[in-house]
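Coordinate inspection notes
Given next are the chains, with one letter for each unit.
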Amino acid sequence: QKIESNSYKIGNIFYLNYGAQVSSKIKGKFKQDYLLSTEKKGNAKKCLKGDSIKRYRIIYNELWLDYQKEIMYGPRSEEFFESDKIIINKISDNNFNLQATYDTEKYYCDQRLICLVKYAKLENSTIRTQSKNFTIIPTECHELYFLAFINSKLLSFYFKNFIATKNLQGNYSDVLPKMIRGLPIFLPELNKTKDKEHHDTLLRLSESMLDTQKKIS
């Protein structure tokens, strides 16, 4: 209760949704591998699947998406993928921790990943971002601050004990966009010294973790 009473929600800060549904708009016309393969062809975009995302880490498996939105069932939009974004795996790790990282490389994602883009970055897009359940809260806080919070032990504890589905098949949980939208988040006031220090500490933590994971990849 204390976590929730002193916080906003992720849905106040970010527009989020699953990645592209790489299937035919016309049922049965083609399978996923018609558009998603290791071959660079057509309107080729680097693409990530569910197993590509770990905590602070992107594992790119040389997959290319021939992005033909007019024939895809759920293509999303170019602006959604090509903005700087947080990406969360649709499956938690085996201790119910969220698996999130940060992308500035304009990767496209499939439906086994959830992408989070700050509302301000989509103001001029064709995406309908407004939600009746979440008032948009503008903020100058960096995505890396939020990334550290999402990957933190505190939020993992909250997710594990209050949200996780606790799958019968193992010690992991499905992760849904509605779960992420409702996660509590502390929003620093950057004009206050202590809040700014807190923000910058978590930002530097994310930078350090992302750098470490790149070096060991």
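Summarised in this report is the structure supplied together with it.

1. Some words on the overall build of the protein
- Check the secondary structure of the protein and you find seven helices and 14 strands.
- On the principal axes, the C-alpha backbone points of the protein span a range of 55 × 40 × 35 Å.
- Considering the protein as a whole, with its 217 residues, one finds that 47% of them fall into the buried category.
- Long-range contacts, defined here as pairs at least 24 residues apart, represent 75% of the contacts in the protein between residues at least 6 apart.
- For the protein, the computed accessible surface area is about 11,900 Å², with 48% contributed by carbon and sulfur atoms.
- In the protein, the 35 positive side-chain charges and the 25 negative ones have mean positions that sit 6 Å from each other.

2. A closer look at the environment of Lys166
- Summarising the element assignment, Lys166 is placed in the loop between α5 (153–162) and α6 (177–181).
- As for Lys166 and Leu48, which are separated by 118 residues in sequence, their C-alpha atoms are 25 Å apart.

3. Considering the pattern of salt bridges
- Here the structure, examined in full by the defined rule, presents nine salt bridges.
- Taking the shortest distance from any N to any O, the salt bridge between Glu189 and Lys192 comes out at 3.4 Å.
- Residues Asp211 and Lys215 are paired through a salt bridge, measuring 3.2 Å at the closest nitrogen-oxygen approach. Of this pair, Asp211 and Lys215 both sit in helix α7 (residues 193–216), four residues apart, which is roughly one turn of that helix.
- For Asp211, a relative accessible area of 37% corresponds to the partly exposed category.
- Members of the salt-bridge network, linked through shared partners, are Asp84, Lys121 and Glu143.

4. Considerations on the packing of aromatic side chains
- Tallied over the entire structure, the rule returns ten aromatic pairs.
- Between Tyr60 and Tyr107, the ring centres sit 5.4 Å apart and the planes meet at 45 degrees, which makes this aromatic pair tilted. Here Tyr60, found in the loop between β7 (57–58) and β8 (64–66), pairs with Tyr107, found in the loop between β11 (100–103) and β12 (108–109); they are 47 residues apart in sequence, far enough to count as distant. Residue Tyr60 shares its accessibility class with Tyr107, and that shared class is buried.

5. Details of the nonpolar core
- Ranked by size, the top nonpolar core spans 34 residues in total, and within it Ile10, Ile86, Ile88, Leu116, Phe146, Ile150 and Ile180 carry the most contacts.
- Examining the composition of this core, we find that seven residues originate from one element, helix α4 (residues 143–150), more than from any other.
- Not counting chain neighbours up to four residues away, the residues in contact with Ile150 comprise Ile10, Ile86, Ile88, Leu98, Ala100, Leu116 and Leu155.
- One finds Tyr15, Leu35, Leu48 and Ile53 within the second-largest nonpolar core, a separate group that totals 27 residues.

6. Observations regarding α5
- Taken residue by residue, α5 has Leu155, Ser156, Tyr158 and Phe159 as its buried positions. The buried residues of α5 occupy one face: seen down the axis, they fall within an arc of 160 degrees.

7. A few points about the packing of α4 against α7
- At their nearest, the axes of α4 and α7 sit 7 Å apart, and the two run at 80 degrees to each other. With respect to α7, the element α4 is oriented roughly perpendicular. Contacts from Leu144, Tyr145, Leu147, Ala148 and Phe149 in α4 reach His198, His199, Leu202, Leu203, Leu205, Ser206, Glu207 and Leu210 in α7.
- Residues of the contact of α4 with α7, tallied by class, amount to nine nonpolar, three polar and one charged.

Quick notes on the rules
Counting of residues starts from 1 at the beginning of each chain's written sequence and follows it residue by residue. pLDDT decides what is reported in this predicted model: residues at 70 or higher carry local features, side-chain atom pairs at 80 or more are listed and counted, and totals for whole chains, interfaces and linings draw on all residues regardless. Each side-chain value is derived from all of the structure's non-hydrogen atoms; neither hydrogens nor water enter the calculation. Only DSSP runs of H or I reaching four residues or more are called helices, and only runs of E reaching two or more are called strands; each is numbered from the N terminus. Buried residues are those whose accessible area, probed at 1.4 Å on protein chains only, stays under 20% of the maximum for their type, while exposed residues exceed 50% and partly exposed ones sit between those limits. By definition, residues are in contact when any of their heavy atoms lie within 4.5 Å. Exposure was quantified through the Shrake-Rupley algorithm and a 1.4 Å probe, taking into account, for residues, occlusion by the shown protein chains and nothing else. Asp and Glu are treated as the negative residues and Lys and Arg as the positive ones, with His and the ends of the chain left uncounted. For this purpose, a charge sits on NZ of Lys, CZ of Arg, CG of Asp or CD of Glu. When a carboxyl oxygen of Asp or Glu lies within 4 Å of a side-chain nitrogen of Lys or Arg, that pair is called a salt bridge. Working definition: a ring pair exists when centres of Phe, Tyr or Trp rings (six-membered ring for Trp) sit within 6.5 Å. Plane angles under 30 degrees give stacked, over 60 give edge-to-face, the rest tilted. For this analysis, a nonpolar core means a set of buried residues of the types Ala, Val, Leu, Ile, Met, Phe, Trp, Tyr and Cys, connected via side-chain atoms within 4.5 Å. By arc we mean the arc of the directions from the helix axis to the C-beta atoms, nothing more. As a rule, the C-alpha atoms of each element are fitted with a line to give its axis, helices using only the stretch in contact, and angles between N-to-C directions run from 0 to 180 degrees. Angle categories are assigned with fixed cut-offs, so that under 35 degrees is roughly parallel, over 145 is roughly antiparallel, 65 to 115 is roughly perpendicular, and the rest are oblique. Under the grouping applied here, Gly and all other residues not named as nonpolar or charged are polar, the nonpolar ones being Ala, Val, Leu, Ile, Met, Phe, Trp, Tyr, Cys and Pro and the charged ones Asp, Glu, Lys and Arg.

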